[in-house]
Amino acid sequence: MLILNCPYCGVDAEESELSGGGEAHLKRFGPGSSDGEFHDYLFMRENPKGVHFERWRHSNGCGKWFHAARCTQTLEVFGTYSAQTTEPPKELKDAITAKRPGWTWREYE
Amino acid sequence: MKHYSAFAVAREALRYHTGWERAWRSPEPKKKYDVIIVGAGGHGLATAYYLGKNYGIQNVAVIEKGWLGGGNTGRNTTIIRSNYLQDPSAAIYEKARSLYEDLSQDLNYNIMFSPRGVMMLAQTHHEIRGYQRTAHANALQGVQTEWITPERVKELVPIINIDGPRYPVLGALWQERGGTARHDAVAWGYARACSAMGMDIIQQCEVKGVRSENGRVVGVDTTKGSIDCDKLGMVVAGHSGQLAEMAGFRLPLEAIALQALVSEPIKPCMDVVVMANTVHGYMSQSDKGEMVIGGGTDAFNNYTQRGSFHHIEETVRALVETFPMISRLKMLRQWGGIVDMTGDRSPILSKTPLGGCFINCGWGTGGFKSIPGSGWGMAQLMATGHSPLTEAFSLDRFKEGRFIDESVAAGVAH
């Protein structure tokens, strides 16, 4: 079972205590954007076989949203971090690079 | 290819079964093919088969990273039905269901199609309205389904508890001509028929790159060397995103694990397929007597072919309430497959931004039932550039807002 540490209340929460919120750090497009941008925002996900940044909600706990970095192939959790950010913290990215050299993700902002 | 028949069984019985030949050849790849299909699962092999049978294109290779039928074709719960809400879905799934009816004769391979009936339980008032709507839609589409009462449900499935305290059975959508088939045999039957037409099925050959010139595909690089082709069909389900990236385009897909399990074999007790979407569980009994159980998808993206443990608990808990007699059954095996989910829960059968390259993916949790229809439409698309069956499932529907929204209609038990 997937266990994520909630960065807000500090609890090591089991999967059944959490709700998945899909891919993280999406750049939002709305009125005034092109069809292509809106399409990509709505439907195109990184869907990597490897390092994935995602949103989770500690729904049966403190109720807060947070971010997690996880490997979709091995289910290894690299770390969790605050929701109040537009990209993963540098320490986390460095830690991931040490374990998965060459990993990629789109631009953050 | 030697024809399978009662006579052949008798002949082999008299000579110690020494005359059976391998069902398909395992050749080394040639330098060039007219068409390469990536992915030797049900959909890939069916595409190759109908390319040869309907369009005479037989210089075809089907390339497979693992072993034939070892992906989702061998990992599903073998349910066949076509009671969808939207017209394009009903058309392609009904085409598939009708092809399944005489597929054993067509392929000369027993796929054990069993039209035992598929029942989708309504356990909330919302579901009653939803399924009655589907039954009306199906009547207009020419798909035979009907709304049945709880009493009729109990008559068809005596082991069901229709008076459960939390989710009583309020009725059901019944498709009498739906059922199950032997999933491995579908892949094996198509493979044997393709091989007999002279097509090459190349297993344990992973595609490492897609080569193109002037915006047109010219071949693929594989672990068994470089192979040229005029047209390329990508039919790889969960790994479609990786393959599309090699060809230089992206897909609106997310990969998620879906799991299933079977119990120890017991005496025959249920001769229809029962799906309970509100409580997320569905069950049928295999010919071996095992209760085959399917549940929900994981809550997060992943490429692990196993699935989260608590989903098994939720699924089994729901089914024990609906079928109290299974509460003492031991579970025998559990497994998972990687399903490729689109935003509207409908598949993608389409041309791609790369010329000569076609994609068939996004079947999500509903791939097995559609194998013959999908192969039929995909072959037509690849051979002629257009297919009425696949037209609505094109890649650009997301940009144009032409969704085929089955996510509400089909729910989790797709």
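All figures in this text were calculated on a predicted structure; none of them were measured in a lab.

J.: Mind showing me how you'd approach the overall build of chain A here?
T.: Along its length, chain A carries 2 helices and 6 strands. Starting at the N terminus and ending at the C terminus, chain A contains elements arranged as β-β-β-α-β-β-β-α. The C-alpha radius of gyration of chain A comes to 15 Å, within 12% of the 13 Å expected for a compact globule of 109 residues. Taken along its principal axes, the extent of the C-alpha atoms in chain A is 40 × 35 × 20 Å. Taking as baseline every contact in chain A between residues at least 6 positions apart, the subset at least 24 positions apart corresponds to 50%.

J.: I keep staring at the overall build of chain B and nothing clicks. Help me out?
T.: Scanning chain B from terminus to terminus reveals 12 helices and 18 strands. Principal axes of the C-alpha set define a box for chain B whose edges measure 65 × 65 × 40 Å. Looking at chain B as a whole, 53% of its 414 residues qualify as buried. In chain B, the share of contacts with a sequence separation of at least 24, taken over all contacts with a separation of at least 6, comes to 75%.

J.: Would you mind showing me how to read the nonpolar core here?
T.: One recurring pattern in soluble globular proteins: nonpolar side chains tend to sit buried together. Among the nonpolar cores identified, the biggest contains 119 residues, and B:Ile36, B:Val62, B:Met119 and B:Val274 are the most heavily contacted of them. Among the elements that take part in this core, helix 7 (residues 183–196) of chain B stands out by supplying 8 residues, more than any other. B:Ile36 has contacts with B:Ala61, B:Ile63, B:Val220, B:Ile227, B:Cys229 and B:Leu232, leaving out every residue within four places of it along the chain. Judged by nonpolar contacts, the second largest core, of 16 residues, contains A:Leu4, A:Leu18, A:Ala68 and A:Ile96.

J.: Mind showing me how you'd approach the interface of chain B and chain A here?
T.: Interfaces are often described in size by the accessible area the parts lose on coming together. Counting from both sides, the interface comprises 19 residues of chain B and, opposite them, 18 residues of chain A. Elements with a contribution of two residues or more to the side of chain B that touches chain A: helix 8 (240–246), strand 12 (254–263), helix 9 (309–322) and helix 11 (397–400) of chain B. Its residues assigned to classes, the side of chain B that touches chain A comprises 8 nonpolar, 8 polar and 3 charged.

J.: What is the right way to look at the sheet that holds strand 6 (residues 171–175) of chain B in this model?
T.: Across a sheet, paired strands are connected by hydrogen bonds in the backbone, their directions being either parallel or antiparallel. All names here are of chain B. Strands sit in the order 5-6-4-13-14-15-12-16 across an open sheet of 8 strands; the sheet is mixed. Because the sheet does not close on itself, it has two edges, and the strands there are strand 5 (146–148) and strand 16 (331–341). Geometrically, the sheet is characterised by an average inter-axis angle of 20 degrees between neighbouring strands, direction not taken into account. Examined bridge by bridge, strand 4 (residues 118–122) and strand 6 share 5 bridges and lie antiparallel to one another.

J.: Got a minute to help me understand the sheet that holds strand 6 (residues 77–81) of chain A in this structure?
T.: Residue and element names in this part refer to chain A. Pairing in this open sheet of 4 strands is antiparallel, and the strands run 3-4-5-6 from one edge to the other. Sheet topology places strand 3 (19–23) and strand 6 at the edges, where each strand pairs with a single neighbour. When strand polarity is set aside, the average angle formed by the axes of neighbouring strands in this sheet is 30 degrees. The sheet contacts of helix 2 (residues 90–99) involve strand 4 (51–57), strand 5 (65–71) and strand 6, and relative to strand 6 the element is tilted by about 175 degrees.

J.: Any chance you could explain the environment of B:Asp163 here in plain terms?
T.: Relative to the helices and strands, B:Asp163 resides in the loop between helix 6 (150–156) and strand 6. Separated by 10 residues in sequence, B:Asp163 and B:Leu173 place their C-alpha atoms 18 Å apart.

J.: Just checking my understanding: could you explain the packing of helix 2 (residues 42–55) of chain B against helix 7 of chain B for this structure?
T.: Geometrically, a packed helix pair is captured by the angle between its two axes and the distance between the axes. Residue and element names in this part refer to chain B. Viewed as axis vectors pointing N to C, helix 2 and helix 7 meet at an angle of 35 degrees, and their least axial separation amounts to 9 Å. Crossing geometry of helix 2 relative to helix 7 is assigned as left-handed. Of the residues in helix 7, those in contact with Gly42, Leu45, Ala46, Ala48, Tyr49 and Gly52 of helix 2 are Val186, Ala187, Tyr190, Ala191, Ala193 and Cys194. Partitioning the contact of helix 2 with helix 7 into residue classes produces 10 nonpolar, 2 polar and no charged.

J.: Whenever I open this one, the environment of A:Arg106 confuses me. Can you help?
T.: Residues and elements named next belong to chain A. If you trace the backbone, Arg106 turns up in the segment after helix 2. Since 10 C-beta atoms lie within 10 Å of it, Arg106 is described here as exposed. For the pair Arg106 and Glu46, spaced 60 residues apart in sequence, the C-alpha to C-alpha distance is 7.8 Å.

J.: It is not clear to me how the packing of helix 3 (residues 87–101) of chain B against helix 10 (residues 371–384) of chain B should be interpreted in this structure. Could you clarify?
T.: Residues and elements named next belong to chain B. At a minimum axis separation of 6 Å, helix 3 and helix 10 run at an interaxial angle of 110 degrees. Taken together, the axes of helix 3 and helix 10 lie roughly perpendicular to each other. The two elements helix 3 and helix 10 meet at a crossing, and its hand is right-handed. For the pair helix 3 and helix 10, contact is made by Ile92, Tyr93, Lys95, Ala96, Leu99 and Tyr100 and by Ile371, Pro372, Gly373, Ser374, Trp376 and Gly377, respectively. Within the contact of helix 3 with helix 10, the residues separate by chemical class into 8 nonpolar, 3 polar and 1 charged.

J.: How should I be thinking about the pairing of strand 5 of chain A in this particular structure?
T.: Looking down a regular strand, the side chains alternate between one sheet face and the other. All names here are of chain A. When you tally the buried positions in strand 5, you get 6 out of 7 residues, the bulk of the element. Where strand 4 and strand 5 come together, 7 bridges link them in antiparallel fashion. Looking at the pairing, Trp56 lines up with Phe66 of strand 5. Counting the residues between successive antiparallel strands, the hairpin from strand 5 to strand 6 contains 5 residues, one of them, Leu75, with a positive phi of roughly 65 degrees.

J.: What should I look at first to understand the confidence of the model for chain B in this one?
T.: A low pLDDT means the predicted coordinates there should not be read in detail. Residue and element names in this part refer to chain B. Averaged over every residue, the pLDDT of chain B is 94; residues scoring 70 or more account for 98%. Every residue in residues 410–414 is under pLDDT 50, and counting partners more than four places away or in other chains gives 16 contacts. Overall fold confidence (pTM) sits at 0.94, and the ipTM for the predicted complex is 0.92.

J.: Would you explain helix 5 (residues 125–141) of chain B in this entry?
T.: Helical geometry: 3.6 residues make up each α-helical turn, so side chains three or four residues apart lie on a common side. All names here are of chain B. End to end, helix 5 covers 24 Å across 17 residues, agreeing with the expected 24 Å (1.5 Å per residue, within 8%). For helix 5, the full list of buried residues reads Glu127, Tyr131, Thr134, Asn138 and Gln141. The buried residues of helix 5 occupy an angular sector of 75 degrees when projected down its axis, which confines them to one face. Exposed residues pointing more than 90 degrees away from the buried face of helix 5 are listed as His125, Arg129, Ala139 and Leu140.

J.: Help me understand unusual backbone geometry, please; the structure alone is not making it clear to me.
T.: In terms of backbone geometry, most residues other than glycine have negative phi values and most peptide bonds are trans. Positive phi values are uncommon outside glycine, yet A:His25 reaches one of about 60 degrees. We classify A:His25 as partly exposed; it has 18 C-beta atoms within 10 Å.

Rules used throughout
Residues numbered from 1 in each chain as written. Chains lettered and ligands numbered in written order. Predicted model: local features only at pLDDT ≥ 70, side-chain atom pairs only at ≥ 80, totals over all residues. Helix = DSSP H or I, 4+ residues; strand = E, 2+ residues; numbered from the N terminus. Rg over C-alpha atoms; globule rule 2.2 N^0.38 Å. Contact = placed C-beta atoms within 7 Å. Buried ≥ 20, exposed ≤ 12 C-beta atoms within 10 Å, placed from the backbone. Core = buried A, V, L, I, M, F, W, Y, C linked by C-beta atoms within 7 Å. Nonpolar A, V, L, I, M, F, W, Y, C, P; charged D, E, K, R; others polar. Pairing = 2+ DSSP bridges. Axes fitted to C-alpha atoms, helices over the stretch in contact; angles between N-to-C directions. Left-handed = near helix turned anticlockwise from the far one by under 90°. Parallel < 35°, antiparallel > 145°, perpendicular 65-115°, else oblique. pLDDT = per-residue confidence, 0-100. Expected span 1.5 Å × (residues − 1). Arc of directions from axis to C-beta.

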